[in-house]
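# Summary of structural features
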Amino acid sequence: MKKTLIVIDMQNDFIDMALGTKEAVAIVPNVKAKIEEYVKNGDEIIFTRDTHFENYLETPEGKKLPVLHCIRGTRGWEIADGLYVQGARIIDKPTFGYRDWQNETLEDVEIIGLCTDICVVSNALIIKANFPKANVKVDSSCCAGVTPESHEAALLTMKMCQIDVI
């Protein structure tokens, strides 16, 4: 069975820049170790990158979250140093959840990254809906939310939707 690691939005702006948190900084070593495990096993790795443009504050999302972040081409948009690995794919997504997961072949999926309560939960639910027979899991030690409370709430939501939380 094909194993896939999906690394959600491990970008500088979500770790230690515009929208960074101490919890996000704290998971970086765990995320790096998880990526290395998948590389060692020769499994597929996909990174997503939250991608916005200079007009972000004029968008519906920007009006509700008026903080410039993940502007294409900026340092904050880049995947954090030391995480990207050769051969991994990068998917740029303009919103919380990537809409084209159904075009992938996903059988055994592990999801990690930021933010648990926004982009991780969105993508996990989209993947589970599109691949109901797939094994979908989230490693909570490799995720952080906007707040610790919203992180826990998102984990509970995913558990209730038959996503394994480890």
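What counts, and where the lines are drawn
Residues numbered from 1 in each chain as written. Predicted model: local features only at pLDDT ≥ 70, side-chain atom pairs only at ≥ 80, totals over all residues. Heavy atoms only, no water. 1 Å grid on protein atoms, 1.4 Å probe; cavity = no way out; pocket = protein on both sides within 12 Å on 5 of 7 lines; lining within 4 Å. Points joined across faces, edges and corners; volume = space filled by probe spheres on them. Nonpolar A, V, L, I, M, F, W, Y, C, P; charged D, E, K, R; others polar. Phe/Tyr/Trp six-rings, centres within 6.5 Å; stacked < 30°, edge-to-face > 60°. Helix = DSSP H or I, 4+ residues; strand = E, 2+ residues; numbered from the N terminus. Buried < 20%, exposed > 50% of the residue type's maximum accessible area, 1.4 Å probe, protein only. Lys NZ or Arg CZ within 6 Å of the ring centre and 35° of its normal. Pairing = 2+ DSSP bridges. Right-handed = clockwise from strand over helix to strand, strands pointing away.

### So, the layout of surface pockets
- Roughly 210 Å³ of volume is contained in the largest pocket.
- For the largest pocket, the lining is made up of 17 residues, of which Phe14, Leu19, Cys115, Ile118 and Val146 are closest to its centre.
- Here the residues of the lining of the largest pocket are counted per class, giving 11 nonpolar, 3 polar and 3 charged.

### Side note on the packing of aromatic side chains
- Evaluation of the coordinates by the stated rule reveals 2 aromatic pairs.
- Judged by centre distance (5.5 Å) and plane angle (45 degrees), the ring pair of Phe47 and Tyr84 falls under tilted. Of this pair, Phe47 sits in strand E2 (residues 44-50) while Tyr84 sits in the loop between helix H3 (60-64) and strand E3 (89-93); the two residues are 37 residues apart in sequence, bridging distant segments of the chain.
- The exposure class assigned to Phe47 is buried, which follows from its relative accessible area of 0%.
- The class for Tyr84 is partly exposed, based on a relative accessible area of 36%.
- With 5.0 Å between their ring centres and 80 degrees between their planes, Tyr98 and Trp101 make a pair best called edge-to-face. Here Tyr98 matches Trp101 in class, with each residue buried.
- Just above the ring of Trp77 sits the side chain of Arg49; from NZ or CZ to the centre is 3.9 Å.

### A short note on the pairing of strand E5 (residues 135-144)
- Across the 10 residues of E5, 7 count as buried, placing the element largely inside the fold.
- When strand E4 (residues 108-114) meets E5, the two strands line up parallel, connected through 6 bridges. Across the sheet, residue Glu110 finds its bridge partner in E5, namely Lys137.
- Where the polypeptide runs from E4 across helix H4 (residues 116-130) and back to E5, its parallel neighbour, the crossover connection is right-handed.

### Concerning the pairing of E4
- E4 sits mainly inside the fold: 7 of its 7 residues count as buried.
- Burial along E4 is two-sided: the residues Asp108, Glu110, Ile112 and Leu114 and Val109, Ile111 and Gly113 are all buried.
- Pairing geometry for strand E1 (residues 3-8) and E4, over 6 bridges, is parallel. Residue pairing for E4: Thr4 is matched across the bridge by Val109.

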